[in-house]
Protein chains: 2
Amino acid sequence: MSQKGVAVWLTGLPSAGKSTIAASLKKHLREMGLVAVILDSDDVRAWLSKGLGFSRKDRDENIFKLAEVAYRIVDGGALAIVAAISPYQEARERARKRIGAFLEVYVKCPIEICVERDVKGLYGKAKSGGITNMTGLDDPYEPPLAPDLTLETDCESIEGCVERILGGLRDRGYIG
Amino acid sequence: MSQKGVAVWLTGLPSAGKSTIAASLKKHLREMGLVAVILDSDDVRAWLSKGLGFSRKDRDENIFKLAEVAYRIVDGGALAIVAAISPYQEARERARKRIGAFLEVYVKCPIEICVERDVKGLYGKAKSGGITNMTGLDDPYEPPLAPDLTLETDCESIEGCVERILGGLRDRGYIG
């Protein structure tokens, strides 16, 4: 197996399935003998973006930092898997321009189902007034205008989603 | 060629040759078809460690963040090349513990020669009082107690240094 540097950028609502797909994609790639680094927004907020909140400015700064790390990983020839709500089209476009080899993957799921899943209990907290700036409720999410891939996690299996990303990477010559 | 995740951590005085060796090592590894990501302290201070200064606390935070990035790169199966003065033994030990697969490479050069090279003009600035906390002058550098490799850049060529690092990686089974 061979690979070229590329970022797989998973964007979508909280609880849409980004982290789960990222972890499964990484596992598959590693089993194929390829190098794949996960940058999960939930994780990086504890160190890379420590101190940043959820205003538009702070969200933009978080995405900027994620893109800077991903840029260096891609430049080194590896596959960077970024899982981040990244709600603003403009910030995602900046990341694409910075990184170059970039697959924008829209992890799509109706808000009602995300609220039902509520993996991290954030929708619940937001509804009870415990937190604000919750994407999908009182903070905007701008769906990708022209994503490279759209995964519909309310009707596709994780396994199926991962297969489609692998196919997209193969078709574009990033793995093979 | 195959590879396992590992961090090559280059420590030494300013102008000892860390960045030059890092760039040359990366070039060699990439030409061998391997994945190698550079994290250079001079570079990351503009984004990863933006706002941090050169107090011991800020230096420790810079090394902490570098180690966190390197940890994820190594976990993904890639080779992370870190070039950072990292003057404190304790901070380097924390990085080693965090990352696991870790080669501490002491880029050794007498201070007089570093001052003469003064690649970034920092020794000059420090001597004229333009900056403080300059490692080697008014800030300490603790040489590694038991480095995996010691490169003497006052009498070894860059090419020779890189060859020795590649040998160290081969001997330990990280590349082959």
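Just so it is clear, the structure is predicted and the values come from calculations on it, not from any experiment.

**Student:** Please clarify how the overall build of chain A should be interpreted in this entry.
**Tutor:** Regarding its fold elements, chain A presents seven helices and five strands. In chain A, the succession of α and β elements from N to C terminus is β-α-β-α-α-β-α-β-α-α-β-α. Seen along its three principal axes, the alpha-carbon backbone of chain A occupies a region of about 50 × 35 × 30 Å. Here chain A holds 176 residues, and 45% of them are scored as buried.

**Student:** So what exactly am I meant to see when it comes to the relation of the copies chain A and chain B here?
**Tutor:** One copy of the chain maps onto the other through a rotation about an axis followed by a shift along the same axis. The two copies are related by a screw operation: chain A maps onto chain B through 180 degrees of rotation and 0.0 Å of translation along the axis, at an RMSD of 0.0 Å. Here the two chains are linked by the operation of a two-fold rotation axis. Comparing interface residues between copies, 100% of those in chain A also lie at the interface in chain B; the contact surface is shared.

**Student:** Honestly, the nonpolar core in this entry has me stumped. Any pointers?
**Tutor:** Nonpolar side chains tend toward joint burial in soluble globular proteins. Membership of the largest hydrophobic core comes to 102 residues, with the highest contact counts inside it found for A:Ala70 and B:Ala70. Beyond its immediate sequence surroundings of up to four residues, B:Ala70 is in contact with B:Ala7, B:Leu39, B:Ala80, B:Val82 and B:Ile99.

**Student:** Would you mind showing me how to read the environment of B:Met1 here?
**Tutor:** Residue and element names in this part refer to chain B. Along the chain, Met1 turns up in the segment before β1 (6-11). Met1 sits in the exposed class, given 8 other C-beta atoms within 10 Å. The sequence separation of Met1 and Gly33 amounts to 32 residues, and the corresponding C-alpha distance is 7.0 Å. If near-sequence neighbours (up to four positions away) are discounted, Met1 is found in contact with Met32, Gly33, Leu34 and Ile175.

**Student:** Hey, could you run me through the interface of chain A and chain B in this one?
**Tutor:** Interface size is commonly expressed as the accessible area that is lost once the parts come together. If you look at the interface, chain A gives 16 residues, while chain B gives 16 residues. Looking at the side of chain A that touches chain B, the elements with two or more residues in it are β2 (36-40) and α3 (56-75) of chain A. Per element, the largest residue contribution to the side of chain A that touches chain B is five residues, and it comes from α3(A). Considered class by class, the residues forming the side of chain A that touches chain B number 10 nonpolar, two polar and four charged.

**Student:** Which parts of the structure should I look at to understand the sheet that holds strand β4 (residues 102-108) of chain B?
**Tutor:** Two modes of strand pairing occur in sheets, parallel and antiparallel, and in both the strands are linked by backbone hydrogen bonds. Residue and element names in this part refer to chain B. The strand order across the open sheet built from five strands is β2-β3-β1-β4-β5, with neighbouring strands paired in parallel fashion. The strands lining the two open edges of the sheet, one partner per strand, are β2 (36-40) and β5 (149-152). Sheet twist, expressed as the mean angle between neighbouring strand axes with direction ignored, is 20 degrees. Note: β4 against β5, four bridges, orientation parallel. Looking at β5, one finds that Val105 is bridged to Leu149.

**Student:** For this particular structure, what's the right way to read the environment of A:Glu116?
**Tutor:** Residue and element names in this part refer to chain A. Tracing the backbone shows Glu116 in helix α5 (residues 111-117). With 10 C-beta atoms packed within 10 Å, Glu116 lands in the exposed category. Separated by 57 residues in sequence, Glu116 and Gly173 have C-alpha atoms that sit 38 Å apart.

**Student:** Looking at this structure, how should I read the confidence of the model for chain A?
**Tutor:** One rule of thumb: low pLDDT means the predicted coordinates there are not for detailed reading. Of all residues in chain A, 100% have pLDDT values of 70 or greater, and the mean over the chain is 96. Per the prediction output, this complex has pTM 0.95; the corresponding ipTM is 0.93.

**Student:** I tried to follow helix α1 (residues 18-31) of chain B on my own but got confused; where do I start?
**Tutor:** Since there are 3.6 residues in each turn of an α-helix, residues three or four apart along the chain are aligned in direction. Residue and element names in this part refer to chain B. Relative to the 20 Å expected for 14 residues at 1.5 Å per residue, α1 spans 20 Å between its end C-alpha atoms, a close match to the ideal helical length. Along α1, the residues that are buried comprise Lys18, Ser19, Ile21, Ala22, Leu25, Lys26 and Leu29. The arc that holds every buried residue of α1, seen down its axis, measures 160 degrees, which confines them to one face. Structural note: α1 exposes Lys27 and Glu31 on the side pointing more than 90 degrees away from its buried face.

**Student:** When you look at the packing of helix α1 (residues 18-31) of chain A against helix α7 (residues 158-171) of chain A in this model, what are you seeing that I'm missing?
**Tutor:** Two measures define how a pair of helices packs: the angle their axes make with one another and the distance between the axes. Residue and element names in this part refer to chain A. Two numbers describe how α1 lies on α7: the axes approach to 9 Å, and their chain directions differ by 60 degrees. It follows that α1 is oblique to α7 by the angle criterion. Remark: the crossing between α1 and α7 carries right-handed chirality. On α7, the residues that touch Thr20, Ile21, Ser24, Leu25 and His28 of α1 are Ile158, Cys161, Val162, Ile165 and Leu166. Class assignment of the residues belonging to the contact of α1 with α7 gives a composition of seven nonpolar, three polar and no charged.

**Student:** Mind showing me how you'd approach the sheet that holds strand β5 (residues 149-152) of chain A here?
**Tutor:** All names here are of chain A. Pairing is parallel across the open sheet formed by five strands, whose spatial order is β2-β3-β1-β4-β5. The strands lining the two open edges of the sheet, one partner per strand, are β2 and β5. Pairwise comparison of adjacent strand axes, ignoring direction, gives a mean angle of 20 degrees for this sheet. Of the strands in this sheet, β1 (6-11), β4 (102-108) and β5 are in contact with α7, which crosses β5 at around 170 degrees.

Quick notes on the rules
- Residues numbered from 1 in each chain as written.
- Chains lettered and ligands numbered in written order.
- Predicted model: local features only at pLDDT ≥ 70, side-chain atom pairs only at ≥ 80, totals over all residues.
- Helix = DSSP H or I, 4+ residues; strand = E, 2+ residues; numbered from the N terminus.
- Buried ≥ 20, exposed ≤ 12 C-beta atoms within 10 Å, placed from the backbone.
- Least-squares fit on C-alpha atoms with pLDDT ≥ 70 in both.
- Contact = placed C-beta atoms within 7 Å.
- Core = buried A, V, L, I, M, F, W, Y, C linked by C-beta atoms within 7 Å.
- Nonpolar A, V, L, I, M, F, W, Y, C, P; charged D, E, K, R; others polar.
- Pairing = 2+ DSSP bridges.
- Axes fitted to C-alpha atoms, helices over the stretch in contact; angles between N-to-C directions.
- pLDDT = per-residue confidence, 0-100.
- Expected span 1.5 Å × (residues − 1).
- Arc of directions from axis to C-beta.
- Parallel < 35°, antiparallel > 145°, perpendicular 65-115°, else oblique.
- Left-handed = near helix turned anticlockwise from the far one by under 90°.

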